[in-house]
Amino acid sequence: MFLYIFGLVVFYYVYRWFRELKRVPNKSEKYVYITGCDTGFGNLLAKHLDTLGFCVIAGCYTEKGEDELKKACSSRLCTVQLDVTDNESIKKATDAIKALVGDRGLWAVVNNAGVSIPSAPNDWLFIEDFKHMINVNLLGVIAVTLSVLPLIKKAKGRVVNIASVFGRVSPFGGPYCISKYGVEAFNDSLRMNMAPFGVKVLCIEPGFFKTSVTDINLIQSNIKKLWDRLPQDVRDDYGSDYMDRVKVMMKQMFVKMLDGDLMKVVSCMEHAISAVHPRSRYSAGWDAKFFWLPLSYMPSCIADVLLLKDVIKPKVSIL
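Position numbers for residues count from 1 along each chain, tracking the sequence in the order it is written. Per-residue local features are limited, in this predicted model, to residues with pLDDT of at least 70; the limit for side-chain atom pairs, both in listing and counting, is 80 or more; totals at the level of whole chains, interfaces and linings are taken over all residues. Hydrogens and water are ignored here; the side-chain numbers use all heavy atoms of the structure.

If DSSP finds at least two bridges between two strands, the strands pair. Helix and strand assignments come from DSSP, with helices taken as H or I runs of at least 4 residues and strands as E runs of at least 2, each series counted from the N terminus. Taken in spatial order, the seven strands make up an open sheet running β3-β2-β1-β4-β5-β6-β7, and their pairing is parallel. Since the sheet does not close on itself, it has two edges, and those belong to β3 (78-81) and β7 (281-284), each with one partner. If you compare each strand with its neighbour and ignore which way they point, the axes differ by 15 degrees on average. Relative to β3, strand β2 (residues 55-60) runs parallel, the two being bridged by four bridges. Within β3, the position partnered with A58 by the bridge is T79. Note on definitions: a residue-residue contact is assigned when non-hydrogen atoms from the two residues lie within 4.5 Å. Where helices are involved, their axes are fitted lines through C-alpha atoms of the stretch in contact, as for all axes, and angles between N-to-C directions lie from 0 to 180°. Across the sheet, helix α5 (residues 127-155) touches β1 (31-34), β4 (108-111) and β5 (158-162), and the angle it forms with β4 is around 175 degrees.

Structure representation (structure tokens):
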């Protein structure tokens, strides 16, 4: 019996592998709109798709990002300056895209833009801290998607949302996990909504990767800034040595978890855009596949024990 089950599992994965090899034709006629192309995944994806022959429309937050990307790519790539929290900026970019793609429509939009700070225990934060990140990571995704959705429907194309494995499990406080849970929910509802129109909606869930979003110096500076503004009674709850323990944890654990091979994520993004039969979800990175994803399916009583053993606990903790 075990051998039959094993054989079926092997057959399924071999079949899926062959099925997923086929790519869409006429790449040179397909436009792909990517947000957050200044650095990181978006920047690499724009360059990679350009080499594959797609017509890339790269949304950059800064003029410097636009200039550097243009120098590194072919004349097929064009850029638009984009702030995903600004409706006027989104509208201006959408108007430029409409003029560019014409009746062909837009093959894909990749919602990649995102931020990771402020991240800290929830009782360190104000509501404004939550609003800023949710505006970028969630409302920005929704706003950009809705702005080009008619063009996507015209091309029977793709919506690719970059969520996170932390849209499934929340090992730390702050708005990051909340915003990514929201992206997952938006992705699922949109996938069901767009299926009758021939539009595929895909989700990428990266683990820990070495990008500007996970820069240890940036994160430590942010935590120090938040710590300095805390009332004394909250600092007392956590202990005077709490920041020292955070620094040790960051150096001993966090840095070791970061994966420097960003192409693991970019390859998933490219497959979601170019495969004839893409997956609904992609877990990018070994930690995502073999730790965080299985953890998200466990009962909370077990998952909490596994997570809390590595949490830096306050002095008043009863855990």
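Having seen the model, we can carry on.
Two aromatic rings are characterised by how far apart their centres lie and by the angle between their planes. Two aromatic rings, drawn from Phe, Tyr or Trp (for Trp, its six-membered ring), form a pair once their centres lie within 6.5 Å of each other, and the interplanar angle then sorts them: stacked below 30 degrees, edge-to-face above 60, tilted otherwise. Scanning the model with the defined rule gives 12 aromatic pairs in all. Considering the side-chain rings of Y238 and Y242, the 5.0 Å spacing of their centres and the 75 degrees angle between planes classify their relative orientation as edge-to-face. Exposure class is identical for Y238 and Y242. Each is buried. Ring pairing ties together the aromatic residues W124, W227, Y238 and Y242, which thus form one cluster. The criterion for a charge sitting over a ring is simple: Lys NZ or Arg CZ within 6 Å of the ring centre, and within 35 degrees of the ring normal. Lying across the ring of W107, K30 places its NZ or CZ 5.1 Å from the centre. Categorising residues by exposure relies on relative accessible area from a 1.4 Å probe, with only protein chains included: less than 20% of the type maximum marks a residue as buried, more than 50% marks it as exposed, and the intermediate range marks it as partly exposed.

Ranked by internal contacts, the top residues of the largest apolar core, which has 32 residues, are V32, I34, V110, I204 and I273. Of all the elements in the fold, those that place two or more residues in this core are β1, α2 (40-52), β2, β4, β5, β6 (200-206), α10 (263-274) and β7. Considering every element that reaches this core, the biggest residue donor is α10, with six residues. Those residues in contact with I273 that sit more than four places away from it in its chain are V32, L45, L49, F54, W107, A108, V110, R158 and V160. In terms of nonpolar packing, the next biggest core, distinct from the first, is built from 31 residues, V101, L106, V183 and F186 among them. Side-chain atoms within 4.5 Å link the members of a nonpolar core, which is a set of buried Ala, Val, Leu, Ile, Met, Phe, Trp, Tyr and Cys residues.

Take D228: it is sitting in helix α7 (residues 216-228). The exposure class assigned to D228 is partly exposed, which follows from its relative accessible area of 41%. Under the rule applied, a polar contact is a pair of N or O atoms within 3.5 Å (in protein, one hydrogen donor and one hydrogen acceptor; residues adjacent in sequence only if both atoms are side-chain atoms). A distance of 2.8 Å separates the side chain of D228 from the side chain of K224, its partner in a polar contact.

Its place among the elements puts S89 in helix α4 (residues 87-101). Within polar-contact distance, the side chain of S89 engages the backbone nitrogen of D83 at 2.9 Å. The contacts of S89, once residues within four sequence positions are left out, are Q81, L82 and D83.

Our next topic: the environment of F209. Along the chain, F209 turns up in the loop between β6 and α7. According to the relative accessible area criterion, F209 is buried, its value standing at 2%. Measuring from C-alpha to C-alpha, the distance between F209 and I142 comes to 24 Å, with 67 residues separating the pair along the chain. Ignoring sequence-local partners within four residues, the contact set of F209 consists of F41, T214, L258, D259, D261, L262, K264, V265, A284 and G285.

Okay, the pattern of salt bridges next. Salt bridges, as used here, are contacts in which a Lys or Arg side-chain nitrogen is within 4 Å of a carboxyl oxygen on Asp or Glu. One pass over the structure, following the stated rule, counts 14 salt bridges. Taking the shortest distance from any N to any O, the salt bridge between E270 and R23 comes out at 3.4 Å. Placement of the pair is E270 in helix α10 and R23 in the loop between α1 (2-19) and β1, with a sequence separation of 247 residues. For R23, a relative accessible area of 30% corresponds to the partly exposed category. A salt bridge links D95 to K91; its shortest N-O distance comes to 3.2 Å.

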